Amino acid sequence: MLLSDRVGRRMTLHDLHVLMVVVQAGSMNKAAALLNTTQPAISRSIGELERTIGVSLLERNPKGVEPTAYGRALLDGGAAAFDDLRQAVKNIEFLADPTAGEVRIGSSGFLAASFVSVVVNRLARRYPRIVFHIGASQPEILRRELLERNVDLLIARKFGFIADDQLDFELLFEDSCVVAAGAQNPWARRRKIELAELMNESWVLPPPEHALGPIYSGAFRASGLNYPRATVFTVPPEVRLSIVAAGPFLSIFPTSVLTFPAARAGIKVLPVELPTARVPNGIVTLKKRALSPVAQLFVEQVREVAKPLAKRK
């Protein structure tokens, strides 16, 4: 009998789920506790899988268990299979009630607090029973969340990880950057400012080697200046927005962030020429993974909200 025939007749989703839990837990005893069953029952499920496939799926060691190369390959396929089943259930739920469902979005702190929040507010008014799960994190964490199918899609800047051949990127708009101050800052009353005039001011910036720091430092270099001696170094954008709005600080923000009223409260864009490369922003999805109808609704609204930003020069 061919392996594919044996798999079709003998492999069960239950046994595959047991394997996934064992690997996540790191031991059969821990997996048994998580699944509210016994260690012998866990061993039987793993043994049945190994007999069906004909190879060893786990390596036992003093610390517990780890997947073999064969086990890892099966887990990768299993994750996709369970994800397809979840998507199928979501599709059925949507067909039964097109006004309800869930969508999971990953994004950066900046985009989540501005662009994504606008999309969510518009959709929520039309479909009040849709549930939105929004996670904001750093690019590599977002990539992992998408590859592990913990989110449906990303709204993200096109950093290096987007080149991954497992991912698709749909451009929405390109972002420039601006210098900003609190609305009560004396610089907010000036009509024209040279970047060099601001070098001795109090800045709150990301470290030059993290997040958008390399883009910002490139803007100063292009103007013949060094990265400012910041008073505050911090990566989270919401922290920088709060500090700038409340005190005598300056910072740099992507233009799109200050397009939306909630983000620009108490913030004034300064009339400073800032030579920065335009950063592409878009929708990142997993190749060959179909989006649920609710996620597709979200993507359609994302495109609508992005249109004015895409037209801006």
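Here is what the cut-offs are and how they apply
Residues numbered from 1 in each chain as written. Predicted model: local features only at pLDDT ≥ 70, side-chain atom pairs only at ≥ 80, totals over all residues. Heavy atoms only, no water. pLDDT = per-residue confidence, 0-100. Helix = DSSP H or I, 4+ residues; strand = E, 2+ residues; numbered from the N terminus. Contact = heavy atoms within 4.5 Å. Axes fitted to C-alpha atoms, helices over the stretch in contact; angles between N-to-C directions. Parallel < 35°, antiparallel > 145°, perpendicular 65-115°, else oblique. Left-handed = near helix turned anticlockwise from the far one by under 90°. Nonpolar A, V, L, I, M, F, W, Y, C, P; charged D, E, K, R; others polar. Buried < 20%, exposed > 50% of the residue type's maximum accessible area, 1.4 Å probe, protein only. Pairing = 2+ DSSP bridges.

Our next topic: the confidence of the model for the chain. This prediction gives the chain a mean pLDDT of 85; 93% of its residues lie at or above 70. No element of the chain has a lower mean pLDDT than helix H1 (residues 3-10), which averages 50, and none a higher one than strand S8 (residues 202-205), which averages 94. Contacts from residues 1-6, a stretch scored under 50 in pLDDT, to residues over four places away or in other chains number seven contacts.

Once that is clear, we can look at the packing of helix H2 (residues 13-25) against helix H4 (residues 39-53). One way to put it is that H2 packs onto H4 with a least axis distance of 9 Å and a crossing angle of 110°. Classified by the interaxial angle, the pair formed by H2 and H4 is roughly perpendicular. Seen from above, H2 lies across H4 with left-handed handedness. Judged by residue contacts, His14, Asp15, Leu16, Val18, Leu19 and Val22 of H2 engage Ile42, Ser45, Ile46, Glu48 and Leu49 from H4. Across the contact of H2 with H4, the residue classes break down as seven nonpolar, two polar and two charged.

Turning to the environment of Pro293, a few remarks are in order. In this fold, Pro293 is placed in helix H11 (residues 293-311). Residue class for Pro293 comes out buried when judged on its relative accessible area of 18%. Here the alpha-carbon distance between Pro293 and Ala246, two residues 47 residues apart in the chain, equals 42 Å.

What follows covers the sheet that holds strand S12 (residues 279-286). Pairing within the open sheet is mixed, and its five strands lie in the order S4-S3-S5-S12-S6. Whereas interior strands pair on both sides, the edge strands pair on one side only; in this sheet they are strand S4 (129-136) and strand S6 (167-175). If you compare each strand with its neighbour and ignore which way they point, the axes differ by 20° on average. One ladder, built from eight bridges, connects strand S3 (residues 100-107) with S4; its direction is parallel. Opposite Ile105, over in S4, you have Ile134 as the bridge partner.

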